[in-house]
There are 2 protein chains.
Amino acid sequence: MRDTYREQLDAVVNDLVKLSQMVSTATRNSSRALLQADIQLAEQVISDDAQIDNLAADLEQRCFALLALQAPVAGELRTVVVALRLLADLTRMGDLAAHVAKIARLRYPEHAVPADLEPNFSRMADVAIKMIHEASDALRNRDTEEARRMAARDEEMDDLRSSQFRLMLADNWEHGVEAAVDVALLGRYFERIADHAVTMGREVIYIVDGELSSEEIWS
Amino acid sequence: MRDTYREQLDAVVNDLVKLSQMVSTATRNSSRALLQADIQLAEQVISDDAQIDNLAADLEQRCFALLALQAPVAGELRTVVVALRLLADLTRMGDLAAHVAKIARLRYPEHAVPADLEPNFSRMADVAIKMIHEASDALRNRDTEEARRMAARDEEMDDLRSSQFRLMLADNWEHGVEAAVDVALLGRYFERIADHAVTMGREVIYIVDGELSSEEIWS
């Protein structure tokens, strides 16, 4: 009975890793759609978001069932509760990638991002995707060192966002209000994807290290 | 033993209602700080956010303890799991109110919001606060009708946001790029506060109606 429970829990974690990969793909495709003004790819990100939502909904039901069907022991309980949070983070990250794709679609055939900001957004997307992979690897390998390294990347994300503001608010900004509004919101979406990845990292640390000092956490 | 469990769960729900009131106050104060360029009030919202975070952290520990110490029955389990989500929503809403206050502080002694957009933002804040109260009342009274009414208000929020974009992107926008970027982000923050209130409404429906058809939900 407990073996089956453990297997079901491992299957949930495996599917969370799969969900992370789907979110990584959505983020990658949304940034390509944005920077290349690729309307097909933008549409694909928007329609594929339903798959992320569906897998998340399925995982949620399985987590509830695991909580309800058999009282989990402390480490398992923590994993199930954190799994519910991880899937909330991943669902939201998928939504944010779809928001990016919707701005790309709205401005098509124009490019939403001015050419001089393309390297910045390209790097922002790369950092966000790298952070999703790190969070996913940390979860799969129960590797808290990996999770802890993510904070440094988040600083780079903050720097990239600050650069955007400097460019937009400089006297020589020549792209007008619409492009500035797009850049402000797009920058926010990528920053939020990265924030959720950092949160995922913290949640993995909680799953893994929580087991080492359970008295402290459950007191 | 079960009576004590029920009492502890009721205390968690009561504190969630209290947390909602703190978030409502933060939202109200952040909009006043914004529209009146009130630096003291802005600072207060930013520093008071720690109180929201502290109560949320305390509630989280109590929810974990309720899950760990005694296997809850279905309705209780659902309430505890949803309580964990409600407090995540409320924590985030508090962060968003603090973001609004930070923009007010950044632009002080100037007003971040141009005068012709003040009525729009004032209404946005009112709608968001009304929605927080509705979500909180729905939770306290286990009133799903209240929760369902919230969707209509969310439509007004969308309309207000669309009006902002129309004004910013019109040819006669005379407030420059910085004000447009501020308005875009501020509008987003209030919209997200409202989104979280709608989510809270759905979560309350799940707590209440889930008990009426538990087979369906736990199957």
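This text gives an overview of the structure that appears in the document. (Residues numbered from 1 in each chain as written. Chains lettered and ligands numbered in written order. Predicted model: local features only at pLDDT ≥ 70, side-chain atom pairs only at ≥ 80, totals over all residues. Heavy atoms only, no water.)

Quick word on helix 3 (residues 74-107) of chain B
Spelled out, the test is: Working definition: helices are DSSP H or I runs of at least four residues, strands are E runs of at least two. Numbering for both runs from the N terminus. Helix span, as expected, comes to 1.5 Å for every residue beyond the first. Residue exposure (1.4 Å probe, protein chains only): buried if accessible area is under 20% of the type maximum, exposed if over 50%, otherwise partly exposed.
Counted at 1.5 Å a residue, the expected span for helix 3 of chain B with its 34 residues is 50 Å, and the 50 Å between its end C-alpha atoms agrees. The buried fraction of helix 3 of chain B amounts to 26 of the 34 residues, a majority that puts the element mostly inside the structure.

Points about the side chain of Asn 120 of chain B
All names here are of chain B. Cut-off, in case you're wondering: What qualifies as a polar contact is a pair of N or O atoms within 3.5 Å, subject to a donor-acceptor requirement within protein and to the restriction that residues adjacent in sequence count only when both atoms come from side chains. By definition, residues are in contact when any of their heavy atoms lie within 4.5 Å.
Here Asn 120 shows up in helix 4 (residues 118-141). Since its relative accessible area comes to 10%, Asn 120 is described here as buried. There is a polar contact of 2.9 Å between the side chain of Asn 120 and the side chain of Gln 164. When near neighbours in sequence (up to four residues on either side) are disregarded, Asn 120 contacts Leu 160, Ser 163 and Gln 164.

Regarding unusual backbone geometry
Residues and elements named next belong to chain A. Residue Pro 109 is reached from Tyr 108 by a cis peptide bond, and omega for that bond is 10 degrees. Along the chain, Pro 109 turns up in the loop between helix 3 (74-107) and helix 4 (118-141). Its identity is not glycine, yet Ala 37 carries a phi of approximately 45 degrees, on the positive side. Positionally, Ala 37 belongs in the loop between helix 1 (2-35) and helix 2 (39-69). Judged by relative accessible area, Ala 37 falls into the buried class, the value being 12%.

Here we look at the interface of chain B and chain A
Short version of the rule: Any Lys or Arg side-chain nitrogen found within 4 Å of a carboxyl oxygen on Asp or Glu counts as a salt bridge.
Between chain B and chain A, the residue contacts involve 33 residues of the former and 33 residues of the latter. Remark: the boundary between chain B and chain A carries 2 salt bridges. Between Glu 60 of chain A and Arg 85 of chain B there is a salt bridge; the shortest N-O distance is 2.5 Å. At the surface where chain B touches chain A, the tally comes to 2 residue pairs in polar contact (both at pLDDT 80 or more).

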